[in-house]
Amino acid sequence: MPGWTAIIMAAGQGTRMRSSTPKVLHSVAGVPLIRHATAATWQLAPESTMIVVSPDNQEAVSDELGDTFAYAEQPKP
């Protein structure tokens, strides 16, 4: 499917996790959750991938993923 954009919703606050670490940066099998999502998306070969983040977590998520992805801020959950 050429020309499509994958959107990964990563703006969750993770309040039930009772942690100061953003939910998408918690590790599962030694890998941050956001990396599992981006790896699964990569296999679908989108033209681009947009990561939707909360204002509080945008810097931490972009530090983890770098500038390979586009980011959109979701101000209100």
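Residues numbered from 1 in each chain as written. Predicted model: local features only at pLDDT ≥ 70, side-chain atom pairs only at ≥ 80, totals over all residues. Heavy atoms only, no water.

> When you look at the overall build of the protein in this model, what are you seeing that I'm missing?
Helix and strand counts for the protein stand at 2 helices and 5 strands. Tracing the protein from N to C terminus, the helices and strands come up as β-β-β-α-β-α-β. Radius of gyration (C-alpha) of the protein: 12 Å, near the 11 Å computed for a compact globule of 77 residues. Counting over 77 residues, the protein shows a buried share of 29%. A separation of at least 24 residues holds for 52% of the contacts in the protein among residues at least 6 apart in sequence. Only carbon and sulfur atoms are counted for the fraction: they give 53% of the accessible area of the protein, which is about 5,300 Å². Mean positive and mean negative side-chain charge positions of the protein (5 and 7 charges, respectively) differ by 16 Å. (Helix = DSSP H or I, 4+ residues; strand = E, 2+ residues; numbered from the N terminus. Rg over C-alpha atoms; globule rule 2.2 N^0.38 Å. Buried < 20%, exposed > 50% of the residue type's maximum accessible area, 1.4 Å probe, protein only. Contact = heavy atoms within 4.5 Å. Areas by Shrake-Rupley, 256 points an atom, 1.4 Å probe, with all protein chains shown as cover. Lys, Arg positive; Asp, Glu negative; His and termini not counted. Charge placed at Lys NZ, Arg CZ, Asp CG, Glu CD.)

> Can you walk me through unusual backbone geometry in this structure?
The phi torsion of most residues other than glycine is negative, and most of the peptide bonds are trans. Backbone geometry at Ala29 places phi at a positive 60 degrees, although glycine is not the residue there. Checked against the element boundaries, Ala29 lands in the loop between β2 (27–28) and β3 (31–32).

> What is the right way to read the nonpolar core from this model?
Side chains of nonpolar character tend, in soluble globular proteins, to be buried together. Judged by nonpolar contacts, Ile8, Ala10, Val24, Leu25, Ile34, Ile51, Val53, Val61, Leu65 and Phe69 together constitute the single largest core of 10 residues. Among the secondary structure elements, those contributing two or more residues to this core are β1 (5–10), β4 (48–53) and α2 (58–65). Aside from chain neighbours lying at most four places away, what touches Leu65 is Ile34, Arg35, Thr38, Ile51 and Tyr71. (Core = buried A, V, L, I, M, F, W, Y, C linked by side-chain atoms within 4.5 Å.)

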